[in-house]
Amino acid sequence: EGAEWSQVDLADFVRGCTDGYRDLYSGRRLDVSVPDRPVSRRCAPDLLAQALDKLVDNAMSLSGTADSVVVLLEAGDGHIDLAVRNTGTRLPQELQDRLFDSLVSLRARRGESPHLGLGLYIVRLVTAAHGGEVSARNLPGEQGVEFRIRLSA
């Protein structure tokens, strides 16, 4: 509720965030795809950055050094999509309907160190605050996973 809202060019926003991720995840393949034109929307940039941080961290931690992560911004007819894709992993079928719930973690199922499972829940809350929807899906042909935030334009 206390977030500051402003009109933001999401293309510049995504490019800036991705530059920061490249520094943070040096040695990892991280690509960005944004329109060549401005994509303006009123948003809470700090919250949206937090959601994107969670999605990129999720993609990096659930894929290996040989895998790629792509951050995409797509502007369609009446909507703006912000997506993060990664190769190397698949979503388990049994978690598909609960991924964005509190205390659900993909990492715990992989035998790694304990993880609270709040990241995707925060993504859902930030997306809802922007009047949007969030989804996750396995990409066709074993290509990996995509997490997508859809906002109205």
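Heads up: the structure comes first, above all this text.
I will try to describe carefully the structure that is included in this document. Keep in mind the model is a prediction, meaning the values are calculated, not measured.

## Thoughts on the pairing of strand β7 (residues 144–152)
Every regular strand shows the same layout, with side chains that alternate between the two sheet faces. In terms of burial, β7 is a largely internal element, seven of the nine residues being buried. Two strands pair when backbone bridges link them, and strand β5 (residues 79–86) and β7 are joined in this way by eight bridges, in the antiparallel orientation. If you follow Val84 over to β7, its bridge partner there is Phe147. Across seven bridges, strand β6 (residues 133–139) lies against β7 in antiparallel orientation. Each residue of the ladder has a partner; that of Ala136, found in β7, is Phe147. Between the antiparallel neighbours β6 and β7 lie four residues, among them Gly141 with a positive phi of about 65°.

## Focus: the pattern of salt bridges
Once their charged atoms are close, side chains differing in charge can pair, the charge on each being opposite to the other. Counted according to the given criterion, the structure contains 10 salt bridges. As a salt-bridge pair, Glu74 and Arg148 come within 2.8 Å of each other at their nearest N and O atoms. Here Glu74, found in strand β4 (residues 68–76), pairs with Arg148, found in strand β7; they are 74 residues apart in sequence, far enough to count as distant. Linking Glu146 and Arg148 is a salt bridge whose minimum nitrogen-to-oxygen distance equals 2.9 Å. With respect to burial, Glu146 and Arg148 carry one shared label: buried. Through salt bridges with shared partners, one network takes in Glu74, Asp81, Arg85, Arg137, Glu146, Arg148 and Arg150.

## Some words on the sheet that holds β5
Taken in spatial order, the five strands make up an open sheet running β2-β4-β5-β7-β6, and their pairing is mixed. Pairing within the sheet leaves two strands with one partner each, and these edge strands are β2 (29–33) and β6. This sheet shows a mean twist of 15° between the axes of neighbouring strands, independent of strand direction. Against the sheet, helix α2 (residues 45–61) makes contact with β2, β4, β5 and β7, and its axis sits at roughly 25° relative to β5, the strand it touches most.

## With respect to the packing of helix α1 (residues 10–24) against α2
At a closest axis distance of 11 Å, the pairing of α1 and α2 adopts a crossing angle of 45°. The angle between α1 and α2 falls in the class oblique. Two packed elements cross with a definite hand, and for α1 against α2 that hand is right-handed. Contacts between α1 and α2 pair Leu10, Phe13, Cys17 and Tyr21 from the former with Pro45, Leu48, Ala49, Leu52, Asp53 and Val56 from the latter. Taken together, the residues that form the contact of α1 with α2 break down as nine nonpolar, no polar and one charged.

## What about the nonpolar core?
Membership of the largest hydrophobic core comes to 37 residues, with the highest contact counts inside it found for Leu10 and Leu73. Elements with a minimum of two residues in this core: α1, α2, β4, β5, α3 (119–129), β6 and β7.

## Points about the environment of Leu151
By the secondary structure assignment, Leu151 is in strand β7. Not counting residues up to four positions away in its chain, the partners in contact with Leu151 are Arg41, Gly78, His79, Ile80, Thr127, His130 and Gly132.

## Overview of unusual backbone geometry
Positive phi is not limited to glycine here, since Glu142 has a value of about 60°. Residue class for Glu142 comes out exposed when judged on its relative accessible area of 61%.

Conventions adopted
- Residues numbered from 1 in each chain as written.
- Predicted model: local features only at pLDDT ≥ 70, side-chain atom pairs only at ≥ 80, totals over all residues.
- Heavy atoms only, no water.
- Buried < 20%, exposed > 50% of the residue type's maximum accessible area, 1.4 Å probe, protein only.
- Helix = DSSP H or I, 4+ residues; strand = E, 2+ residues; numbered from the N terminus.
- Pairing = 2+ DSSP bridges.
- Salt bridge = Lys/Arg side-chain N within 4 Å of Asp/Glu carboxyl O.
- Axes fitted to C-alpha atoms, helices over the stretch in contact; angles between N-to-C directions.
- Contact = heavy atoms within 4.5 Å.
- Parallel < 35°, antiparallel > 145°, perpendicular 65-115°, else oblique.
- Left-handed = near helix turned anticlockwise from the far one by under 90°.
- Nonpolar A, V, L, I, M, F, W, Y, C, P; charged D, E, K, R; others polar.
- Core = buried A, V, L, I, M, F, W, Y, C linked by side-chain atoms within 4.5 Å.

So far we have only geometry, and geometry alone does not tell us how the molecule works.
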